[in-house]
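Structural description and commentary
For reference, the chains in residue letters:
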Amino acid sequence: MSVFRDQETVDLSIQEVFDLSRRVLIAAGLSVPHAEAAARVITAGERDECASHGLYRLPGCVMTIRSGKMSLDAEPVIEDVSPALVRADARRAYSLLAFERAAPLLVEKAKTVGVAALVINNCYHFSALWPEIEQLTERGVAALAMTLSHSWVAPAGGKKGLLGTNPIAFGWPRPGPHPYVFDFATSAVARGDVSLHDIAGKPIPEGWGVDAEGQSTTSARAALDGAMLTFGGHKGSALSTMIELMAGPLIGDLTSRESMAFDDGDKAAPMHGELILAFDPAIMGGGDPAANAARAEALFAAFADQDARLPSERRYAARARSLARGVHAPKVLYDQILALGL
Ligand code: NDP
Ligand code: PYC
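Residues numbered from 1 in each chain as written. Chains lettered and ligands numbered in written order. Predicted model: local features only at pLDDT ≥ 70, side-chain atom pairs only at ≥ 80, totals over all residues. Heavy atoms only, no water.

An unreviewed UniProt entry lists the chain under the name Oxidoreductase, from Caulobacter henricii. You can read under Sequence similarities (unreviewed entry) in the UniProt record for the chain the words "Belongs to the LDH2/MDH2 oxidoreductase family." (UniProt positions renumbered as here; feature names shortened; annotations may be inferred.)

**Quick notes on the pattern of salt bridges**
Evaluation of the coordinates by the stated rule reveals 16 salt bridges. Notably, a salt bridge pairs Lys-69 with Asp-266, separated by 2.8 Å at the nearest N-O pair. With Lys-69 in the loop between α3 (57-66) and β2 (77-82) and Asp-266 in the loop between α9 (256-263) and β10 (271-279), this residue pair connects regions lying 197 residues apart in the sequence. For Asp-266, a relative accessible area of 27% puts it in the partly exposed group. Look at the salt bridges and you will find they share partners, linking Arg-47, Asp-48, Glu-134, Arg-315 and Arg-319 into a network. (Salt bridge = Lys/Arg side-chain N within 4 Å of Asp/Glu carboxyl O. Helix = DSSP H or I, 4+ residues; strand = E, 2+ residues; numbered from the N terminus. Buried < 20%, exposed > 50% of the residue type's maximum accessible area, 1.4 Å probe, protein only.)

**Points about the site of ligand 2**
Taken together, the neighbourhood of ligand 2 is formed by His-53, Arg-57, His-125, Phe-126, Trp-152, Thr-165, Ala-190, Arg-191 and Gly-192. Take Arg-191: an N or O atom from its main chain is 2.9 Å from an oxygen atom of ligand 2. In the environment of ligand 2, an oxygen atom lies 2.9 Å from a nitrogen or oxygen atom belonging to the backbone of Gly-192. For ligand 2, the accessible surface in isolation is 240 Å², of which the surrounding protein chains cover 91%. Its residues assigned to classes, the shell around ligand 2 comprises three nonpolar, four polar and two charged. (Near = heavy atom within 4 Å. Polar contact = N/O pair within 3.5 Å; in protein donor to acceptor, adjacent residues only side chain to side chain. Areas by Shrake-Rupley, 256 points an atom, 1.4 Å probe, with all protein chains shown as cover. Nonpolar A, V, L, I, M, F, W, Y, C, P; charged D, E, K, R; others polar.)

**Some details on the site of ligand 1**
The immediate surroundings of ligand 1 are formed by 22 residues, with Ser-127, Asp-183, Ala-185, Ala-190 and Ser-312 found nearest. One nitrogen or oxygen atom from the main chain of Leu-129 is found 3.2 Å from an oxygen atom belonging to ligand 1. In isolation ligand 1 exposes 920 Å². Once the protein is present, 74% of that is buried. At the level of elements, β7 (180-184) and α12 (313-325) are the ones that each hand at least two residues to the shell around ligand 1. Within the shell around ligand 1, the residues separate by chemical class into eleven nonpolar, six polar and five charged.

**Comments concerning the confidence of the model for the chain**
Per-residue confidence for the chain gives a mean pLDDT of 97; residues scoring 70 or more make up 100%. Scored by ipTM, the complex comes to 0.99, with pTM at 0.98. (pLDDT = per-residue confidence, 0-100.)

**Focus: the pairing of strand β5 (residues 142-147)**
β5 sits mainly inside the fold: five of its six residues count as buried. For β5 and strand β6 (residues 168-172), the ladder comprises four bridges, and the chain directions are antiparallel. Paired with Met-146 across the strands is Ile-168, a residue of β6. (Pairing = 2+ DSSP bridges.)

**Let's talk about the nonpolar core**
Soluble globular proteins tend to bury their nonpolar side chains together. With 32 residues, the main nonpolar core has Leu-25, Leu-55 and Phe-126 as its most contacted residues. Among the elements that take part in this core, helix α1 (residues 14-28) stands out by supplying six residues, more than any other. Not counting the four nearest positions on each side in its chain, Leu-55 is found in contact with Leu-12, Val-17, Leu-20, Ser-21, Ile-42, Glu-46, Ala-329 and Ile-337. In terms of nonpolar packing, the next biggest core, distinct from the first, is built from 29 residues, Trp-130, Ala-145, Val-181 and Tyr-316 among them. (Core = buried A, V, L, I, M, F, W, Y, C linked by side-chain atoms within 4.5 Å. Contact = heavy atoms within 4.5 Å.)

Structure (structure tokens):
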């Protein structure tokens, strides 16, 4: 449920969300291809009621552009490294265009070899991962994506930021319009969600963060100034560390700590890498892909038998609502965007 549920909203159609995002990003200086790629994921986030990665992100995008270190128009360089590996150098621009340009080759490789990887390097990253996962499942492959961020999150047993909020997302293609997708931060929650609590003047639950002295806090501001915590204690901490390694040194890119050092107080989006893996069920499953797909469907049906919902079901319901009736953007966020003067 939205943290702004009791506050004033502004009604916008999906097209208006896209047009506003595109206009602001172009006015701030982004090239049209980068602005449109970013506007697409911001619009998708707002549409699916993923508040931490919808319109809320626009002022942060503009702050990143204004930091002066990001390329506003670099064309990604796509390298066909080996039969199972594509590398996309974003050249210090946003990650999204690099993903869009490299995804077709990733899928082609997965469908030839069975499993393939896309490495994105040198990218500024502000987006949710599920829009990328959905673009891959639409093409019939299962997919796993991970990236890191800035070192805002204490490791289990620690009290100071070291790890990123490090999201991991997985998708499995299904018959019908919607794949199975989960996508979450390995911190208790995305940092964007803590910021939204701060903007809305709401407390955060215990377990999301500690203050600058390392004491548990329910103040969003204190947690933003202190450190966030991982989900699931040592388990989230280990998973987050794996993401640091797999989307950092493994692919020759920065860790969250190094991304924060690169930022040097700019408060821009993190700059690092992203790893995306694609798996072709037809090759990996051997003999009878249809039977394997049916067994996966039986697993999903068993969730419904217990009235347990699958991840993304809330999001797909929100999408249907938004496509039919538009979105209700919190006025406080809308006003922040207008205040950018773009
Ligand atoms: P949540 O803790 O809300 O978890 C989101 C995932 O869990 C979704 O797949 C969601 O599905 C599913 N889920 C939530 N509740 C249930 C439930 N009761 N039963 C089954 N599934 C459930 O989100 P986070 O705050 O951890 O992350 C939000 C977004 O932030 C992600 O999209 C992530 O990619 C993004 N992010 C991006 C970062 C970056 O560096 N680029 C860093 C950190 C986060 P549903 O949506 O249907 O509720
Ligand atoms: O919400 O943690 C977050 C986040 C970091 C980078 C983009 N989103």
